[in-house]
Amino acid sequence: MNRILIVEDEERIASFVEKGLRSNGFTTTVVTDGDAGYEYALTGGFDLVVLDIGLPGRDGFTVLRGLREARVSVPVIVLTARDSVRDTVAGLEGGADDWMTKPFRFEELLARVRLRLRTAARAPEVTVLRSGSLSLDLRTRRARSGERTVDLTAREFVLLELFLRHPGQVLSREQILSHVWGYDFDPGSNIVDVYVRTLRKKLGAERVETVRGMGYRLP
């Protein structure tokens, strides 16, 4: 049974979409602001996201951009009252898989949901991330450094996954904080540095490189 996240702050529309999808056999979760939508989508617990643009907190464009930067590949269908070509292009180039302008017919949304789910099902699922002799199994949540198997805590796992999904890219402390701990974490904390040191002890000092004044990267 496919799981669909509905991120929509208009109660009437959210209820309309949720009832229609549930009656067609889907499992649904509704959230009403961009911050919650982003955090829920990051969990990887959904097969598709129906995303409004005009949201409280982070708007839909920001949510979508954040998910794609974090390499979350879940299909996203955008719902919006905006009908300009520029907005449509911005949404699709920002990582949306489809775009629907309000008002819309539920039958059309349902057809697009089914199409995107079929397309996603044909794509091979990545279960192991690799960089050189370092690998991370997303199913067992264990890392391998050379010939060694390394057990990780939940936070260490998310941090290493972030690095492996962005090899060679410098990640700032702010980016790491927002992805691993959420935006409500104190930006002045040194928790990122503490966890990077822990990863280095477990995986090898050379695994995570410090880029002074900028952040960290997986070389």
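That block above? That's the structure.
Summary of the structure given here. Just so it is clear, the structure is predicted and the values come from calculations on it, not from any experiment.

Our focus in this paragraph is the overall build of the chain. Looking only at helices and strands, the chain features 8 helices and 11 strands. Per-residue burial for the chain yields a buried fraction of 45% across its 219 residues. Contacts in the chain between residues far apart in sequence, at least 24 positions, make up 58% of those at least 6 positions apart. Element-wise, carbon and sulfur atoms account for 49% of the exposed surface of the chain, whose accessible area totals about 11,700 Å².

On to the packing of aromatic side chains. A complete count under the given rule lists 4 aromatic pairs for this structure. Ring geometry for phenylalanine 16 versus phenylalanine 104: centroids 6.1 Å apart, planes at 45°, classification tilted. Taken together, the residues phenylalanine 16 in helix α1 (residues 11–23) and phenylalanine 104 in the loop between β5 (98–101) and α5 (106–122) connect sequence positions 88 residues apart. On the basis of relative accessible area, phenylalanine 16 is assigned to the partly exposed category, the value being 38%.

Moving on to the sheet that holds strand β8 (residues 142–145). Strand pairing in a sheet is mediated by backbone hydrogen bonds. Such pairs are either parallel or antiparallel. The strand order across the open sheet formed by 4 strands is β6-β7-β8-β9, and the pairing between neighbours is antiparallel. Where the open sheet ends on each side, the last strands, each with one partner, are β6 (128–131) and β9 (148–151). Sheet twist, expressed as the mean angle between neighbouring strand axes with direction ignored, is 20°. Note that strand β7 (residues 134–137) and β8 share 4 bridges and pair antiparallel. Counterpart to aspartate 137 in the pairing with β8 is arginine 142. Together, β6, β7, β8 and β9 form the strand contacts of helix α6 (residues 154–165), whose direction differs from that of β7 by roughly 120°. Along the sheet face, helix α8 (residues 191–203) touches β7, β8 and β9 and points at about 150° away from the line of β9.

Another point: helix α7 (residues 173–181). Taken together, the buried positions of α7 are Ile176, Leu177, Ser178, His179, Val180 and Trp181. Elements that come into contact with the buried residues of α7 comprise α2 (34–42), α6, α8 and β11 (215–217).

Before going further, it helps to examine the nonpolar core. Ranked by internal contacts, the top residues of the largest apolar core, which has 25 residues, are Leu152, Leu160, Phe163, Ile176 and Val192. Secondary structure elements with two or more residues in this core: β7, α6, α7 and α8. Looking at this core, the element that brings in the most residues is α6, giving 6 residues. When residues no more than four places from it in sequence are discounted, the contact partners of leucine 152 are Leu136, Ala143, Phe157, Leu160, Leu199 and Lys202. With 23 residues, the next largest nonpolar core counts Val31, Val63, Ala70 and Val76 among its residues.

How each quantity is defined
Residues numbered from 1 in each chain as written. Predicted model: local features only at pLDDT ≥ 70, side-chain atom pairs only at ≥ 80, totals over all residues. Heavy atoms only, no water. Helix = DSSP H or I, 4+ residues; strand = E, 2+ residues; numbered from the N terminus. Buried < 20%, exposed > 50% of the residue type's maximum accessible area, 1.4 Å probe, protein only. Contact = heavy atoms within 4.5 Å. Areas by Shrake-Rupley, 256 points an atom, 1.4 Å probe, with all protein chains shown as cover. Phe/Tyr/Trp six-rings, centres within 6.5 Å; stacked < 30°, edge-to-face > 60°. Pairing = 2+ DSSP bridges. Axes fitted to C-alpha atoms, helices over the stretch in contact; angles between N-to-C directions. Core = buried A, V, L, I, M, F, W, Y, C linked by side-chain atoms within 4.5 Å.

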